[in-house]
Amino acid sequence: MIIANLQDSARIESLHPAFKKLFDYIKAHDMLNEPLGKTELDGKVLYINNDEPTLRTKEAQAMEVHKDYIDVHIPLNGVEMIGWKATRNCTDLKQEYDEVKDRMFYNDRPTTYCEILPGEFCICFPEDAHAPIIGEGKLRKVVAKVRL
């Protein structure tokens, strides 16, 4: 998992060919005032979901894992807490892998929690089981999906 400021994204852009396109798009658009929904930036290789979920408690949020996509979480108007645990250490499977939705869930509890602020981002790779959208109230956020 990587947590950084959007202003420092250039250091990370070499890790995947689609990262530069993603961060350039995010920086060039006022995502807080863009319509909610999905925006394809490069078909199934790179797309973003602009969403406004209701945040959950630590206890209510399951750990999720993806195999085909990297998640990039970007809170827009508030703090988002994200739990983390190494996927290889997850043992309590809650929901089998769904190939169509590219996700599986674990009942395991995170080993650490991080607060992500507006202007920051969190990248979760397949080896990063993560529990996003933890907090109180609603949050505008972008989740980018970057195909491996």
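This text follows the structure it describes.
Because the structure is a prediction, the values reported are computed rather than measured.

> Please provide a residue-by-residue account of the sheet that holds strand β12 (residues 141-147), values included.
Strand order across the open sheet formed by 6 strands is β1-β10-β5-β12-β3-β2, with antiparallel pairing between neighbours. What marks the edges here is a single partner per strand, and that holds for β1 (2-5) and β2 (37-42). When the angles between neighbouring strand axes are averaged without regard to direction, this sheet yields 20°. Judged from the 6 bridges that link them, strand β3 (residues 46-51) and β12 form a sheet pairing that is antiparallel. Paired with Tyr47 across the bridge in β12 is Lys145.

> Describe the pairing of strand β8 (residues 103-106), with residues and values.
Direction of pairing for strand β4 (residues 63-65) relative to β8: antiparallel, over a ladder of 3 bridges. If you follow Val65 over to β8, its bridge partner there is Met104. Between the end of strand β7 (residues 93-98) and the start of β8, which pair antiparallel, lie 4 residues, with Asp102 showing a positive phi angle near 50°.

> Hey, could you go over the layout of surface pockets for me, with residue numbers and the actual values?
Where empty space is left in the structure can be found by rolling a water-sized probe over the atoms. In this structure, the largest pocket encloses a volume near 740 Å³. Along the wall of the largest pocket there are 30 residues; nearest its centre are Asn49, Glu64, His66, Arg103 and Lys145. Ranked by the residues each element gives to the lining of the largest pocket, the list is headed by β12, at 4 residues. Residues that form the lining of the largest pocket fall into these classes: 10 nonpolar, 4 polar and 16 charged.

Here is what the cut-offs are and how they apply
- Residues numbered from 1 in each chain as written.
- Predicted model: local features only at pLDDT ≥ 70, side-chain atom pairs only at ≥ 80, totals over all residues.
- Heavy atoms only, no water.
- Pairing = 2+ DSSP bridges.
- Helix = DSSP H or I, 4+ residues; strand = E, 2+ residues; numbered from the N terminus.
- Axes fitted to C-alpha atoms, helices over the stretch in contact; angles between N-to-C directions.
- 1 Å grid on protein atoms, 1.4 Å probe; cavity = no way out; pocket = protein on both sides within 12 Å on 5 of 7 lines; lining within 4 Å.
- Points joined across faces, edges and corners; volume = space filled by probe spheres on them.
- Nonpolar A, V, L, I, M, F, W, Y, C, P; charged D, E, K, R; others polar.

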